[in-house]
Amino acid sequence: MAFTGPLADRIEIRELIEAYGDAVMRGDAEDWGKVWAEDAYWALPEYEGHEEFIGREAIVAGWSWSMALFGAAREEGGKPAMIYIGTPGAIEVDGDRATARVYTSEIYRYPGADKDVRVRGQYDDELARIDGKWLFTKRVYRTLHTD
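Small disclaimer: the values here were computed from a predicted structure and weren't measured.

The rules we used
- Here the residue numbers are simple positions, counted from 1 along each chain's written sequence.
- Selection of residues for local features in this predicted model requires a pLDDT of at least 70, selection of side-chain atom pairs for listing and counting requires 80 or more, and totals for whole chains, interfaces and linings are taken over all residues.
- As a convention, hydrogens and water are excluded, and side-chain values are obtained from all of the structure's heavy atoms.
- Two strands qualify as a pair provided DSSP detects at least 2 bridges between them.
- For the purposes of this entry, the term helix denotes a DSSP run of H or I that reaches at least four residues, the term strand denotes a run of E that reaches at least two, and both are numbered from the N terminus.
- Note on aromatic pairs: the rings of Phe, Tyr and Trp (six-membered ring only in Trp) are paired at centre separations within 6.5 Å, and the planes decide the class, stacked below 30 degrees, edge-to-face beyond 60, tilted for the rest.
- Charges are assigned to positions over rings by a cutoff of 6 Å between ring centre and Lys NZ or Arg CZ, combined with an angular limit of 35 degrees from the ring normal.
- Of the two site types, the cavity is a set of points on a 1 Å grid over the protein atoms alone where a 1.4 Å probe fits but cannot get out, and the pocket is an open set with protein on both sides within 12 Å along at least five of seven lines, each lined by residues with an atom within 4 Å of a point.
- Grid points are joined across faces, edges and corners, and a volume is the space filled by probe spheres set on the points.
- Residues are grouped as follows: Ala, Val, Leu, Ile, Met, Phe, Trp, Tyr, Cys and Pro are nonpolar; Asp, Glu, Lys and Arg are charged; all remaining types, including Gly, are polar.
- The classification of residues rests on relative accessible area computed with a 1.4 Å probe and restricted to protein chains. Under 20% of the type maximum is buried, over 50% is exposed, and intermediate values are partly exposed.
- A 3.5 Å cut-off defines polar contacts: any pair of N or O atoms within that distance qualifies, except that in protein one atom must be a possible hydrogen donor and the other a possible acceptor, and neighbouring residues in sequence count only when both atoms are side-chain atoms.
- Only heavy atoms matter for contacts: two residues are in contact if any of them lie within 4.5 Å across the pair.
- Interaxial angles span 0 to 180 degrees and are taken between N-to-C directions of axes, which are lines fitted to C-alpha atoms, for helices over the stretch in contact.

Caption draft 1: Structural view of the pairing of strand E2 (residues 36-43). As paired elements, E2 and strand E7 (residues 133-146) share four bridges and run parallel to each other. Opposite Trp 42, over in E7, you have Arg 139 as the bridge partner. Sheet topology note: the E2/strand E3 (residues 53-54) ladder contains two bridges and is antiparallel. Looking across to E3, one finds that Tyr 41 is bridged to Ile 54.

Caption draft 2: Examining the packing of aromatic side chains more closely. Counted under the stated rule, the structure contains 13 aromatic pairs. Counting every residue linked through ring pairs, the aromatic cluster contains Tyr 20, Trp 32, Trp 36, Trp 42, Tyr 47, Phe 53, Trp 63, Tyr 84, Tyr 123, Phe 136 and Tyr 141. The lysine or arginine in question, Arg 139, covers the ring of Tyr 20, its NZ or CZ lying 4.4 Å from the ring centre. A cation over a ring is seen here: Arg 139 above Phe 136, with NZ or CZ 4.1 Å from the ring centre.

Caption draft 3: Structural view of empty space enclosed by the protein. With the rule as written, the count across this model stands at one cavity of 30 Å³ or more. Of the volumes computed, that of the largest cavity is approximately 270 Å³. Every residue lining the largest cavity is counted, 17 residues in all, and those nearest its centre are Trp 42, Leu 44, Ser 66, Met 82 and Glu 106. Within the residue set of the lining of the largest cavity, elements represented by two or more residues are helix H1 (7-26), helix H3 (56-70), strand E5 (97-109) and strand E6 (116-130). Taken together, the residues of the lining of the largest cavity sort by class into 14 nonpolar, two polar and one charged.

Caption draft 4: Quick look at the side chain of Arg 139. Its location among the elements puts Arg 139 in strand E7. For Arg 139, a relative accessible area of 0% puts it in the buried group. Side chain to side chain, Arg 139 and Asp 125 meet in a polar contact 2.7 Å long. Ignoring sequence-local partners within four residues, the contact set of Arg 139 consists of Tyr 20, Trp 36, Tyr 41, Trp 42, Ala 43, Tyr 84, Val 102, Tyr 123, Asp 124 and Asp 125.

Caption draft 5: Focus on the sheet that holds E7. Here we have seven strands laid out as an open sheet, ordered E1-E4-E5-E6-E7-E2-E3, and mixed in their pairing. Unpaired on one side and paired on the other, strand E1 (3-4) and E3 mark the two borders of the sheet. Of the strands in this sheet, E1, E2, strand E4 (83-94), E5, E6 and E7 are in contact with H1, which crosses E4 at around 160°.

On their own, these measurements won't tell you what the molecule is for.
Okay, structure coming up:
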């Protein structure tokens with residue numbers, strides 16, 4: 001089964017996934033950084049310069065650099081320049097550890113391009129409850145479809 005473990009933990013993890021997406025949409029590095037464990041690992045191996053980041057500080061710095069390239073700034077009129085939606089496909093909780101699979105849908109302007117890029121992807125996640133709070137300890141992304 002794709003969703004196992006205590007419902008309360010699965011809801012907290014879902015809210016963490018949603019907080020991640022909300023911070024992306026708002027371009028808020030401080031809030032985005034709050035979803036990560038101090039010694040976390042983040043990898044987007046298909047994207048040059050994003051192959052891996054180790055530790056919250058490096059992860060947030062890498063994300064901030066990426067968002068500057070791919071348009072976290074708001075366009076004129078207050079519209080977000082990047083759209084990001086993450087939908088859990090699985091959340092499995094085992095004590096203070098969990099795994100999740102999250103499907104993503106993103107729209108952004110590729111640097112130097114004159115059109116929007118639409119990407120569907122998948123995160124394979126590991127999480128831990130640290131000081132009573134669920135955090136990502138590992139997120140690895142892969143592209144499923146690009147248009």
